[in-house]
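Here is what each chain is made of, one letter per residue.
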Amino acid sequence: MRESGILMPVSSLPGPYGIGCFGKKAEKFVDFLAAAGQKIWQILPLSPTGYGDSPYQSCSAFAGNPYFIDLDALKAEGLLTAAQLKAEPWGKDPLNVDYGTLYTSRYKILRAAYAAWRRQCAGQHGCAHYYPDAYYAFTLENEGWLEDYALYMALKTANGMKSWTQWPREYRKREPQALEAFKAENEEEIGFWKFLQYEFSIQWKKLKAYANANNVQILGDIPIYVSADSVDAWVGGPLFELDADGGFARVAGCPPDYFSAEGQLWGNPLYNWPYHKQTGYAWWIQRVRHALGIYDLLRIDHFRGFDTYWAIPADSTTAKTGKWETGPRMELFNALEGALGKLPIIAEDLGELFPSVRELLADSTFPGMKVLQFAFGGGDSEYLPHNHVKNSVVYPGTHDNTDRLVGRKRIGQGEGCGRRLPASDRLSAHRKGGGRCQNRGGPHRAAPGCAGLCGRPCHHPHGRLAGPGRGSPPEQPRQAGRKLELARRRWVRHCRAGQAHSGGVRRVLPYITGPETRSVFSSLTKM
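What you see as residue numbers is a count from 1 along each chain, following the sequence as written. pLDDT decides what is reported in this predicted model: residues at 70 or higher carry local features, side-chain atom pairs at 80 or more are listed and counted, and totals for whole chains, interfaces and linings draw on all residues regardless. Neither water nor hydrogens contribute to the side-chain values; these are computed over all heavy atoms in the structure.

Engineer: How do you make sense of the environment of isoleucine 345 when you look at a structure like this?
Structural biologist: In this text, helices come from DSSP runs of H or I with a minimum length of four residues, and strands from runs of E with a minimum of two, each type numbered from the N-terminal end. When you line up the elements, isoleucine 345 lands in strand β9 (residues 345-347). For isoleucine 345, the contacting residues outside a window of four places in its chain are Leu298, Ile300, Phe366 and Pro367. What makes two residues a contact is simply this: any of their non-hydrogen atoms within 4.5 Å.

Engineer: Just to check I follow, could you spell out the pattern of salt bridges for this structure?
Structural biologist: When their charged atoms lie close together, side chains carrying opposite charge are able to pair. Salt bridge, as used here, is a side-chain nitrogen of Lys or Arg placed within 4 Å of a carboxyl oxygen of Asp or Glu. One pass over the structure, following the stated rule, counts 21 salt bridges. Between glutamate 331 and lysine 277 there is a salt bridge, with its nearest N and O atoms 3.3 Å apart. Of this pair, glutamate 331 sits in helix α13 (residues 330-340) while lysine 277 sits in helix α11 (residues 273-278), and the two are 54 residues apart along the sequence. Working definition: with a 1.4 Å probe on protein chains only, accessible area under 20% of the residue-type maximum means buried, over 50% means exposed, and in between means partly exposed. The class of glutamate 331 is partly exposed, set by a relative accessible area of 37%. Relative accessible area serves as the criterion here: at 47%, lysine 277 is assigned to the partly exposed category. A cluster of three or more residues bridged by salt bridges with shared partners is formed by Glu241, Arg250, Lys323 and Glu325.

Engineer: Got a minute to help me understand the sheet that holds strand β4 (residues 250-254) in this structure?
Structural biologist: Across a sheet, paired strands are connected by hydrogen bonds in the backbone, their directions being either parallel or antiparallel. With respect to topology, four strands assemble into an open sheet ordered β5-β4-β7-β8, the strand pairing being antiparallel. If you trace the sheet from one side to the other, it starts and ends with β5 (264-269) and β8 (323-326), each paired once. Across the sheet, the axes of successive neighbouring strands diverge by a mean angle of 50 degrees, strand direction being ignored. When β4 meets β5, the two strands line up antiparallel, connected through three bridges. Note on β5: the bridge partner recorded for cysteine 254 is glutamine 264. At least two DSSP bridges between two strands are needed for those strands to be called paired. An axis is simply a line fitted to the C-alpha atoms; with a helix, the fit covers only the stretch in contact. Between two such axes, the angle follows the N-to-C directions and lies from 0 to 180 degrees.

Engineer: Would you explain helix α12 (residues 282-294) in this entry?
Structural biologist: Residue pairs three or four apart in sequence face the same way in an α-helix, which turns once every 3.6 residues. Expected span of a helix, by definition, is 1.5 Å for each gap between consecutive residues, and there is one gap fewer than residues. Taking 1.5 Å per residue as the helical rise, α12 with its 13 residues ought to reach 18 Å, and the 19 Å between its terminal C-alpha atoms agrees with that figure. Every buried residue belonging to α12 is among Trp283, Trp284, Ile285, Arg287, Val288, His290, Ala291 and Ile294, and all of these are buried.

Engineer: Would you mind showing me how to read the packing of aromatic side chains here?
Structural biologist: Aromatic ring pairs: the centre-centre distance and the angle between the two ring planes describe each pair. Aromatic pairing here means that ring centres of Phe, Tyr or Trp (its six-membered ring) are within 6.5 Å. Orientation follows from the plane angle: under 30 degrees is stacked, over 60 is edge-to-face, and everything else is tilted. One pass over the structure, following the stated rule, counts 51 aromatic pairs. Ring centres of tryptophan 117 and tyrosine 198 lie 6.2 Å apart, and the angle between their planes is 40 degrees; this geometry places the pair in the tilted category. Placement of tryptophan 117 in helix α4 (residues 99-121) and of tyrosine 198 in helix α9 (residues 187-213) is noted, with a sequence separation of 81 residues between them. What makes tryptophan 117 buried here is its relative accessible area of 4%. A relative accessible area of 7% means that tyrosine 198 is categorised as buried. When the ring of tyrosine 152 is compared with that of tryptophan 234, the centres are 5.8 Å apart and the planes differ by 45 degrees; the resulting orientation is tilted. Separated by 82 residues along the polypeptide, tyrosine 152 in helix α6 (residues 143-158) and tryptophan 234 in helix α10 (residues 231-236) bring together distant segments of the chain. Note on tyrosine 152: relative accessible area 0%, which makes it buried. Above the plane of the ring of tryptophan 234 lies arginine 174, whose end atom (NZ or CZ) is 4.4 Å from the centre. Geometry around phenylalanine 354 places arginine 304 over its ring, the cationic atom sitting 4.7 Å from the centre. Lysine NZ or arginine CZ positioned within 6 Å of the ring centre and within 35 degrees of the ring normal marks a charge as sitting over the ring.

Engineer: What's the story with the side chain of asparagine 65 in this structure? I'm lost.
Structural biologist: Assignment of secondary structure puts asparagine 65 in the loop between β2 (40-42) and α2 (71-76). Overall, asparagine 65 belongs to the buried group, its relative accessible area being 2%. The contacts of asparagine 65, once residues within four sequence positions are left out, are Leu46, Ser47, Pro48, Thr49 and Phe200.

Engineer: Whenever I open this one, the pairing of strand β6 (residues 297-300) confuses me. Can you help?
Structural biologist: Consecutive residues of a regular strand have side chains that alternate between opposite faces of the sheet. Both faces of β6 are covered, namely the face carrying Leu297 and Arg299 and the face carrying Leu298 and Ile300. Alignment of strand β3 (residues 217-222) against β6, held across four bridges, turns out to be parallel. Bridged to aspartate 221 within β6 is arginine 299. Taken together, the three bridges between β6 and β9 define a ladder with parallel strand orientation. Bridging from a neighbouring strand, leucine 298 pairs with isoleucine 345 of β9.

Engineer: Where do I start with the environment of leucine 207 in this structure?
Structural biologist: Position of leucine 207 relative to the elements: it lies in helix α9. C-alpha of leucine 207 to C-alpha of lysine 24: the two residues are 183 residues apart in sequence and 9.3 Å apart in space.

Engineer: Whenever I open this one, the pairing of β3 confuses me. Can you help?
Structural biologist: Counting buried positions along β3 yields five of six residues, so the element is predominantly enclosed. Note: β2 against β3, three bridges, orientation parallel. Opposite tryptophan 41, over in β3, you have isoleucine 218 as the bridge partner.

Rendered as structure tokens:
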């Protein structure tokens, strides 16, 4: 089976309210995919963004990002007016997401919509508020995570958006009497966060149904770890490694390597795998069931962590103090398949891998990832097209690689790879390439620990897409660009000569970066 598609974060879609959403522009992108013969739309996690405005450090492993709610759809429901939308600032640069402005404006507007919705539902059937049957069905279907999430967000709001580890002890320790009293006093605020998830669910299901009707599947994404500042960590307790005081004993990261002498200290709480095993991996079954309920296919980030993971003492200031530990391996995936059936999962298997990680990937039968720009570090790389195995998903590059369009522009100007093109040059280049996509500065554009296009630090496990080509020195974009083009030509000649193995590439999913990327993608998929 061969299929191809495009990775386009929802946040990077064009739109008038500061960020991409589930509105008409999303449907137009589906139309573009269908017209271009593409079968897959890959997106970044739909979860709320957290530290560094990253969806890989979310406050919830289950909730959806309220920023993606289409405000025009709320206006059509009579919950907002054009004047309200026009009165708010949405950011000055249409190519970048201004998350600081968005945080203020978006929630102000969403709270106005919630107030209007409550007014619509007031006094019906003799009740103070009687909400639509679909709302009650949604809350019942999702009560396993929604109740805790809404309470958590209400408490977070009441505590100045501080991390739950800094809340008063009675809330931090989840004392039942204190939580019940808070619920009684903050029913409307808790309802606000439920309302947002209800609207998110309605709009996302409609968009996904539109994509599926056009023979486009949604390839979603989940990080392996949850954020320390999340409802999952707040309520999880024994799901994570805890010390004697109930704090996190060890946290996630990766060891020192060629790219970082200190390693990477991510800070995510580590799973207590023996406890998960005792429960039959119930939490993971719940998480993957939920993900497969909103996506058709699922990419899991940092797959190697299910085999071996780097565990760092929680009080350490460097990743150097960590050590390798063994993960659940096939026990977890056997439990998942036993509960959910055959899993349409794609494994992010990039980076330096132990033989045991490759063995786990083979045993799982999940397709792994191949990155063309990783192929040019010397030798007969596994990333070269003629070495791709059948069960693979192939990408021209990742967010850690220099964009081919940007790389060529710099080469022409005699520049190194230390800075990005000005926004005006990026827009001009996209327009010359057909103008189908605007770079809205989605989270995939920044490497971990670096400033994203929004000017905030971006730190998340997804950034660990290591391999030849990541962090390339300034002289390499020219060399890599030439080698990529030569490899493409050799591969085309190889296939036309009838020497290519059939079905060698399962899926090709490029990041949209400009006409050069699309031309390489086109050549590889038209063979």
